[in-house]
Amino acid sequence: MQTGLATPLPFLADLTVAQRDAACQDGPVLVLAGAGTGKTKTLTAAIARRIASGVTPSRILAVTFTNKAARGMTERIAAVLGEGAQPGWVGTFHGLGARQLRIEPEAAHLRPGFDIMDADDSRRLLKRVMKSMQIDAAIDEGIATSRDPVKLMAKRIETFKDNLIAPEDAALRVEGLIGAATRERRPIDAAGFRAAVPVYIEYQRRLREANAADFGDLLLWPARTMQIDEAYRLRWAGRFDCVLADEYQDVCYVQYAWLRLLSADHHQIFAVGDDDQAIYSWRGSDLVYLRRFLKEYPDGKLIRLEENFRSTAHILDAANGVIAHDAERMGKTLFTRKPAGDPIEILRFADAGAEANGIADEIQRRHGEGIGWDDMAILYRSNFLSRGFEEAMMRRRIPYVLVGDVGFYQRAEVKDALAFLRIATTPDDVQSDEAFRRVINTPPRGFGPKALDELEAEAAFRQSSMLRAIETADLPARCRGAGLKFVDLIRHVGQDTRSSVADQISALLDGSGYRAMLRASRAETTEDRLENLQELLEIAGGFHTARELLDHAALATSGPGEDRGERVKMMTLHKAKGLEFPHVFLPGWEAGAFPPPYGDVAEERRLAYVALTRGMRRVTVSHCEYRRGYEAPSLYVDDIPHGHKVSGWLRANARVKSMGSGQAKTIVSWPTDAELVGRMGG
Ligand SMILES: Nc1ncnc2c1ncn2[C@@H]1O[C@H](COP(=O)(O)OP(=O)(O)OP(=O)(O)O)[C@@H](O)[C@H]1O
């Protein structure tokens, strides 16, 4: 250990020997940490220890899986070291990449103040590009016959970006790829890849024209520029004294490259990961980076964390039994000092309705026994399963929340409000044209397709934004009048720099008649939509500038309000990664659904392992005899070792009598009778 510290640090005191060893190690460190062994705690301690050893906080970069995890870490470090000790660069890969680009946008051929397009907006742009290139005609079989050609093309472009392939390199790299696949006799959609190249080039040209970056750009350009421009790389690598990464098993090539380029000189890289929890290969993640860490950094140290603090022994042994069937593991043996607890309950239901009702009834029953709503979670393999549970919860008036539903920022009214704000922020820049198209006719102002064509032509002729083009375009009088009023409002609000962001949005929603339009609508959703706008205004209250809010909305990894109130949590297994709950329900473990027919059996097994290890005290696995057809239980149900599972609900008399985690600490002693008499008697 090389702590370089004369005095022991209090925050290291409650760590295990292995955790402390990891946190105090300098140089390249790979922490191979099983589920529930305190990865986050160790990573946080590693950062705090570096700061306490004299590393300047602003020279630390730590990348986590979600914004929430980043916030949690920052808060914990501030709590032990004081307010000034927050590390300078903590966030998600996308968030940190965006920050790097904001400082040097030229790396991506962008101008300052560029927009970040979310997945939905970039799909719309891609669709327009494909239409203009007539890709929907049968240019290429792979694309034209696909059920969703835009989705397929978006996926290809994403793959290019995740592999550090810029548009200008794409043609050459695609030919190389096809050549290699042919030589190795591996199947490849050569026509599809070739057709994607010109679309990628045109799509990127349009993004640049709109001064916008899509998600892929946020890491592609910083990483690629560091790769080809040594001065740029040195500038960036030189900003950081150490680089720390959580969930290292899930990095994809561009993420791996970015981390490696930043740490290549000092080798101060601290990676935490668990090969048993790698569940993102479908998104380009590759376990190979974790597996070859020590080859890449021969001076590095591997530290295993194997003591699980989360789950009872039955749960842990059940999970260990399932993952033991994975032959390619790097190998860890998790253990716990907790009591055995309850075995996994395996429930068989007749169909999906019975499953949803059965679980909802059980949740209600447990709540009656004193278990808090937010101590219970339903975690499912596929999103479509949530609907049945939502209905069952609503019927019983059980409060619940869908976690990770970033859908909030995708709701039409929220996107509309942000579009108004975007135009007000940069009214005279073509980068606002997309937002302009979105709201110029909401509520209707007479801007139909013809007027929009006219405006586009005028904007192109004058090389101005569409908003500015309203002033000179040849428009029908009514439409022109309404358009000029719109321009006035946008300019007026945009120039009002004394108002808060929330006040600006509010003024735009009222001045444009948007809120009035919603209120006048008799649609069933009106109330919800107004509430969503209210929620947006509250969120906006936490931001100093419109740009910060717009970035936040584009880069959100979760919806607002997830942690508020006592509610049963519902989410996919992927979203549950990194979380823990006292009571966990795992529905839908049928042979045809888990693993899904298209799934990779080994990766799905890891997902089953992630699922089981979320549980602290009780885990219930269920399957239906009939869902879309007759179903057998998933093979992962069989893989839970006998002795760690029971059929049906465990009722109080059959359960191990345990309260809380089974180990109550004596913090205050019970009052003696004499004391009670002294205080209460009389
Ligand atoms: N040294 C320790 N002593 C007591 N409790 C600990 C210790 N380290 C971690 N824990 C507790 O163990 C639980 C799991 O920790 P954490 O969430 O950091 O695990 P993790 O390794 O990130 O898990 P996973 O990979 O499964 O998401 C937490 O409740 C945490 O407070």
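Just so it is clear, the model here is predicted, and its values are computed rather than measured.

> How should the environment of Phe585 be read in this particular structure?
Counting through the fold element by element, Phe585 comes out in strand E13 (residues 581-586). Of the residues examined, Phe585 reaches a relative accessible area of 0% and is grouped as buried. Each C-alpha atom, one on Phe585 and one on Val31, is 30 Å from the other, the two residues being 554 residues apart in sequence.

> So what exactly am I meant to see when it comes to the environment of Arg617 here?
Positionally, Arg617 belongs in strand E14 (residues 615-626). For Arg617, a relative accessible area of 25% translates into the label partly exposed. In this structure, the C-alpha to C-alpha distance between Arg617 and Leu635, residues 18 residues apart in sequence, is 23 Å.

> Teacher, can you tell me more about helix H10 (residues 215-228) here?
Since the α-helix turns once every 3.6 residues, residues separated by three or four places project in the same direction. Along its 14 residues, H10 runs 21 Å from first to last C-alpha, staying within 8% of the 20 Å computed at 1.5 Å per residue. The element H10 is extensively covered by neighbouring structure, given that 11 of its 14 residues are classed as buried. Taken together, the buried positions of H10 are Gly216, Asp217, Leu218, Leu219, Leu220, Trp221, Pro222, Ala223, Arg224, Thr225 and Met226. With a side-chain oxygen positioned 3.1 Å from the backbone nitrogen of Gly216, the residue opening H10 is Asp214.

> In this structure, what is going on with the site of the ligand? I would like to understand it.
In the vicinity of the ligand lie 18 residues, with Gln19, Lys39, Arg310, Glu580 and Arg614 positioned nearest. Within the backbone of Thr40, an N or O atom sits 3.2 Å from an oxygen atom of the ligand. Between the ligand and Arg614 there is a distance of 2.8 Å, counted from an oxygen atom to a side-chain nitrogen or oxygen. Surface burial for the ligand is 78%, taken as the share of its 640 Å² of free accessible area covered by protein chains. Sort the elements by how many residues they give to the shell around the ligand and helix H2 (residues 39-52) lands first, with three residues. Taken together, the residues of the shell around the ligand sort by class into three nonpolar, nine polar and six charged.

> Please explain the sheet that holds strand E10 (residues 376-380) as it appears in this structure.
Strand pairing in a sheet is mediated by backbone hydrogen bonds. Such pairs are either parallel or antiparallel. Read across the sheet, seven strands follow the order E11-E12-E10-E13-E14-E9-E15 without closing on themselves; strand pairing throughout is parallel. The sheet is open, and its two edges are formed by strand E11 (400-402) and strand E15 (645-647), each paired on a single side. Pairwise comparison of adjacent strand axes, ignoring direction, gives a mean angle of 25 degrees for this sheet. Strand direction decides the pairing type here: strand E9 (residues 344-351) and E14, joined by six bridges, are parallel. Paired with Ile346 across the bridge in E14 is Val621. Here helix H16 (residues 352-368) sits on the sheet and contacts E9, E10, strand E12 (568-572), E13 and E14; the angle it forms with E9, its principal contact strand, is near 135 degrees. Sheet strands in contact with helix H28 (residues 601-612) are E9, E13 and E14, and its direction is about 130 degrees off that of E14.

The rules behind these values
Residues numbered from 1 in each chain as written. Predicted model: local features only at pLDDT ≥ 70, side-chain atom pairs only at ≥ 80, totals over all residues. Heavy atoms only, no water. Helix = DSSP H or I, 4+ residues; strand = E, 2+ residues; numbered from the N terminus. Buried < 20%, exposed > 50% of the residue type's maximum accessible area, 1.4 Å probe, protein only. Expected span 1.5 Å × (residues − 1). Polar contact = N/O pair within 3.5 Å; in protein donor to acceptor, adjacent residues only side chain to side chain. Near = heavy atom within 4 Å. Areas by Shrake-Rupley, 256 points an atom, 1.4 Å probe, with all protein chains shown as cover. Nonpolar A, V, L, I, M, F, W, Y, C, P; charged D, E, K, R; others polar. Pairing = 2+ DSSP bridges. Axes fitted to C-alpha atoms, helices over the stretch in contact; angles between N-to-C directions. Contact = heavy atoms within 4.5 Å.

None of this, on its own, says anything about what the molecule does.
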